[in-house]
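Overview (structure and organization)
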Amino acid sequence: MPVSVSRQLRGNLPVEVTSFVGRRRELSEARRLLGRTRLLTFTGVGGVGKTRLALRVARDARRTFEDGVWLVELAPLQDEELLPQTVASTLGLADRSARSALDCLADFVADKRLLIVLDNCEHLLDACALLAGRLLGTADGVRILATSRQPLGIGGEIVFEVAPLSVPAPDQPMPSYNLDEFEATRLFMERSAEAVPELVVTDGARRAVMRLCQRLDGIPLAIELAAVRLRSLSPEQILKRLDDRFRLLTGGDRTASRRQQTLRAAIDWSHDLCSPGERTLWGRLSIFAGGFDLQAAEDVCSSDAIPPEDIYDLVAGLIDKSIVVREDHGGGVRYRLLETIRQYGRTLLAESGEEELLRRRHRDHYQQMVMRSEEASCGPHQLRHYELLHLEHANVRAALDFCLTEPNGVPAVLRIVTANWPYWIFYGILGEGRRWLTLALEQDQAPTAERAKAMWVAGRFALHQSDLAGGLALLRECTALANRLGDASAEAHATELFGMAALLQGDYSRAIALQEDALNRYRAISEPPGGWGAEVTLYLLSLAAAASGDLDRAAAFGEECLTICELHGTDLYRPVALWALGFERYRRGELPQAAALIEESLRLQRSIHDLWNTAQCIESLAWLAAADGRHQRSARLLGAAHTIWRSLGSSMPDIPPFADFHAPCERRLRGMLGDEAFTTALEQGADLTLDQAITYALNEKTAVSARPEQAPRTPTALTPREHQVAELVAQGLTNKDIAATLVIAQRTAEGHVEHILEKLGFTSRAQIASWATSHNAH
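Residues numbered from 1 in each chain as written. Predicted model: local features only at pLDDT ≥ 70, side-chain atom pairs only at ≥ 80, totals over all residues. Heavy atoms only, no water.

What follows deals with the overall build of the chain. Each helix and strand counted, the chain has 37 helices and seven strands in total. Taking 2.2 N^0.38 as the reference for a compact globule, 778 residues should give roughly 28 Å; the C-alpha atoms of the chain span a radius of gyration of 30 Å, in line with that estimate. Overall size of the chain, expressed as C-alpha extent along the three principal axes, is 90 × 80 × 45 Å. Counting all 778 residues of the chain, 55% fall into the buried class. Taken as a whole, the chain presents about 32200 Å² of accessible surface, with 50% of it coming from carbon and sulfur. Side chains of the chain carry 86 positive and 102 negative charges; the gap between the two charge centres is 5 Å. (Helix = DSSP H or I, 4+ residues; strand = E, 2+ residues; numbered from the N terminus. Rg over C-alpha atoms; globule rule 2.2 N^0.38 Å. Buried < 20%, exposed > 50% of the residue type's maximum accessible area, 1.4 Å probe, protein only. Areas by Shrake-Rupley, 256 points an atom, 1.4 Å probe, with all protein chains shown as cover. Lys, Arg positive; Asp, Glu negative; His and termini not counted. Charge placed at Lys NZ, Arg CZ, Asp CG, Glu CD.)

Of the strand pairs in this sheet, strand 6 (residues 324-329) and strand 7 (residues 332-337) are connected by six bridges, and their pairing is antiparallel. Directly across from Val325, in strand 7, lies its bridge partner Arg336. As consecutive antiparallel partners, strand 6 and strand 7 are separated by two residues, and within that stretch Gly330 has a phi angle of approximately 60 degrees, a positive value. (Pairing = 2+ DSSP bridges.)

Let us now look at the side chain of Glu183. Along the polypeptide, Glu183 turns up in helix 6 (residues 183-195). Although Glu183 is buried, it forms no salt bridge, and the closest oppositely charged side chain is Arg186 at an N-O distance of 5.1 Å. Once residues lying within four places of it in the same chain are set aside, the contact partners of Glu183 are Val21, Gly22, Arg23, Arg24, Glu26, Leu165 and Ser166. (Salt bridge = Lys/Arg side-chain N within 4 Å of Asp/Glu carboxyl O. Contact = heavy atoms within 4.5 Å.)

Turning to the packing of aromatic side chains, a few remarks are in order. For the structure on display, the rule yields 23 aromatic pairs. With a centroid separation of 6.2 Å and an interplanar angle of 70 degrees, the aromatic rings of Tyr586 and Phe661 are classed as edge-to-face. Of the two residues, Tyr586 is situated in helix 27 (residues 574-588) and Phe661 in helix 31 (residues 659-673); the sequence distance between them amounts to 75 residues. Each residue in the set Tyr539, Trp579, Phe583, Tyr586, Trp612, Trp623, Trp645, Phe658 and Phe661 is aromatic and connected to the rest through ring pairs, giving one cluster. The ring centre of Phe108 lies 4.3 Å from the NZ or CZ of Lys112, which sits over that ring. (Phe/Tyr/Trp six-rings, centres within 6.5 Å; stacked < 30°, edge-to-face > 60°. Lys NZ or Arg CZ within 6 Å of the ring centre and 35° of its normal.)

With that settled, the discussion passes to the nonpolar core. Within the largest apolar cluster, 214 residues are counted, with the highest numbers of intra-cluster contacts made by Ile116, Leu118, Phe188 and Leu285. In terms of residue count, helix 25 (residues 533-548) provides more of this core than any other element does, 11 residues in total. For Leu285, the residues in contact, after removing those within four places along its chain, are Phe292, Ala297, Cys301, Leu318, Val324 and Leu337. Phe20, Leu33, Leu71 and Val162 belong to the second largest nonpolar core, which has 24 residues in total. (Core = buried A, V, L, I, M, F, W, Y, C linked by side-chain atoms within 4.5 Å.)

The next thing to look at is the pattern of salt bridges. If charged atoms from side chains of opposite charge come close, those side chains can pair. On inspection of all chains with the given rule, the structure shows 48 salt bridges. Glu355 is the partner of Arg346 in a salt bridge, and the nearest nitrogen-oxygen pair spans 3.1 Å. A relative accessible area of 24% means that Arg346 is categorised as partly exposed. With a relative accessible area of 24%, Glu355 lands in the partly exposed category. Salt bridges sharing common partners tie together Glu356, Arg360, Arg363, Asp364 and Glu406.

This part takes up helix 27. The end-to-end C-alpha distance of helix 27 is 22 Å, a good match for the 21 Å that 15 residues give at a rise of 1.5 Å each. Among the 15 residues of helix 27, 11 are classified as buried, and the element is accordingly described as predominantly covered. For helix 27, every residue scored as buried is listed here: Pro575, Val576, Ala577, Leu578, Trp579, Ala580, Leu581, Gly582, Phe583, Glu584 and Tyr586. Elements that come into contact with the buried residues of helix 27 comprise helix 25, helix 26 (551-568), helix 28 (591-608), helix 29 (611-627) and helix 31. (Expected span 1.5 Å × (residues − 1).)

Our next topic: the sheet that holds strand 5 (residues 157-161). Consider a sheet: its strands pair through backbone hydrogen bonds, and that pairing is either parallel or antiparallel. Strands sit in the order 2-3-4-1-5 across an open sheet of five strands; the sheet is parallel. Pairing within the sheet leaves two strands with one partner each, and these edge strands are strand 2 (69-73) and strand 5. Averaged over neighbouring strand pairs, the angle between their axes works out to 20 degrees when direction is ignored. With respect to the sheet, helix 1 (residues 24-36) is in contact with strand 1 (39-43), strand 3 (114-119), strand 4 (142-147) and strand 5, its orientation differing from that of strand 5 by roughly 175 degrees. (Axes fitted to C-alpha atoms, helices over the stretch in contact; angles between N-to-C directions.)

Per-residue confidence for the chain gives a mean pLDDT of 86; residues scoring 70 or more make up 91%. Confidence drops under a pLDDT of 50 for residues 249-254, and excluding neighbours within four residues, the segment shows five contacts in the predicted structure. Note that pLDDT drops below 50 for residues 703-716; the model gives that stretch 44 contacts with residues more than four away or on any other chain. (pLDDT = per-residue confidence, 0-100.)

With that settled, the discussion passes to the state of the cysteines. Per the counting criterion, the structure on display carries zero disulfides. Of all cysteine sulfurs in the structure, the one in Cys301 sits closest to Cys403, which takes part in no disulfide; the separation is 18 Å. (Disulfide = S-S within 2.5 Å.)

Think of an α-helix as 3.6 residues a turn; residues three or four steps apart then line up on the same face. Here helix 6 spans 18 Å end to end across 13 residues, near enough to the 18 Å set by a 1.5 Å rise per residue. Looking at helix 6, one finds that the buried residues are Glu183, Ala184, Thr185, Leu187, Phe188, Met189, Arg191, Ser192 and Ala195. For helix 6, the secondary structure elements touched by its buried residues are helix 1, helix 2 (50-60), helix 7 (203-215) and helix 8 (220-227).

We now examine unusual backbone geometry. Note: most peptide bonds trans; most residues except glycine with negative phi. Look at the link from Pro656 to Pro657: it is a cis peptide, with omega at 0 degrees. Mapped onto the elements of the fold, Pro657 is located in the loop between helix 30 (631-647) and helix 31. Backbone geometry at Asp217 places phi at a positive 60 degrees, although glycine is not the residue there. Inspection of the secondary structure puts Asp217 in the loop between helix 7 and helix 8. With a relative accessible area of 13%, Asp217 lands in the buried category. Although it is not a glycine, Asn408 sits at a positive phi angle of roughly 60 degrees.

This next bit is on the packing of helix 18 (residues 410-419) against helix 20 (residues 430-443). Where helix 18 contacts helix 20, the axes come no closer than 9 Å and their chain directions differ by 155 degrees. Taken as axis vectors, helix 18 and helix 20 run roughly antiparallel relative to one another. Here the hand of the crossing between helix 18 and helix 20 comes out left-handed. Where helix 18 abuts helix 20, its residues Val410, Val413, Leu414, Val417 and Thr418 lie against Gly433, Trp436, Leu437, Ala440, Leu441 and Gln443. (Parallel < 35°, antiparallel > 145°, perpendicular 65-115°, else oblique. Left-handed = near helix turned anticlockwise from the far one by under 90°.)

Dropping the structure here:
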């Protein structure tokens, strides 16, 4: 199947759900600055619109960054040591290496061209400065757009202070103004139309809106909070009540800036308009990190004064007042507080004296959620529970952090991390899981069964990170403690993992002996089917046996693993069992049968998203293609697999048993294709997105993409005016110069350039210039 060129914008920017109002000057200036610097920081008071402006600038720049534009939301993150992991996870880099997360992240982005948006840096300034300095010093193609109430303070940073929206001047008569003339009044009216579609604005109301936006200093969050009041008040009434609030504020904190006082007044007023129950719930909801669902709100925030059955109505009331934001997630609904609103709520919670109680209830809720997911991990609903855990990961982090500050909190940390240990492997957050266990094990060294389990789980994480020395040390300590306690389950898991270590060292006979011993131990303690120990051990046994050439036993182990998975609905390991059987057929030389099994495994990954098995499927399909004489296809598949392995932070192709087959395959391809053709095909495969790589590996018809070079779309798609603009770009003119030459607005010129880039599939003005020169030559 040929590799065709198709350009795909990468990233994770959220869809805009409300209109973007104004900011033309700021957008133009920010684009210009982003072209001059690799670190641009938007500063300003809370609520002034830093995040919204950054997202719009980032969205407009997507075409420039072929490896994507990525938003990293830092507000829910409190532990600065987890910042590199958080950024890496956002970029799709799994935390599977024993190296520092920052080192892995720096290596990963070294050859990338991407834009990272670090949103809400102010509480992690030192960590953000360190991370930005390291990434920018490592990767020439990386740029960072940060939002913060303070600059990061590192070399090369350009600080852009985000001003409030434009408002009517206070010294000119109000009737001379049109509401569309100023950004602040336009925003108020647009949000008003959303709140009250039938709203009719009289002359008196127009004057009140203008005065109101002046009083709110053009701060977008304050304006939006005021606009929603039109559901129950007229603009004149809103202005009167807000003036009352400002008069009260003058006796408050004189050290705060005028804009900080303005925002505080707007939020105070929103708070005053809430019912007593809504005010209490606002403070309690601030305990959540990143978001929450209704069940969590009912479990954590209810009390004698607010019974669980009242929570929904109170949340709905807070949504109506723009305090709580509602978001759809798949088939469910989640809620969150904007960060400025959450911080205000946290102050309310601290003043109420309930903060410690709410933190405990929050911890208990998420501990129970994790324990329920452990119970469901043996059946067909395991994926749903893993998705829920991932959605709630910020809250689980907050619970773990609280546990470590509590007396006798270590056992809870061990339970939360180990209860569903495959989750940490599945989502590639091994380094974080291992870190929590290390902190807890160092803090409390009581010889308990929970400690023994934590040791073998940490040892498993270490082996998956290719840290054999660290993993073996943990397993030896676990074995000693398990023997002392008579803990047969820990002994079985440690034995299995010693076998895994032997497999990774290429000692297949020892690996088989240890894993057979582990399998017998699991059966002796009647480990429940679907409890992971047996499935994992049978997979490893099949892999070790096939690698060693004991193919009949490899087939038997693989078949037994598949039978258990199908019988008990353990969907996560069914594709792995299929891959093991495909690998065994490959070792027999039965290439069509091997391909069928491995392709079936790969198809299942589309709904499961197990990157590890996706990588080993594509890797082994490359071996099959080479054995079948399809050398260029094999090289492309190796390139695609390399990109996925790299995103996992793994060097697995260099470690047994994969190294036994990867290296000979690569040597054969270099010999058949020659170094230059091999490298070209390898790079084509490496440039595929994950979906494109799977599509190509499965021989599906949808075209997949290599790196988009200068393969433009049909040039006749340009309008005559766009041809003129392209010619002026080729002459080296800026957008401002083009606007002056053609007597059009600069923004119109910018739009023409953007359309040309889109139509021709280009990413830079240099490509336009090259195309225009070539086109005119013909």
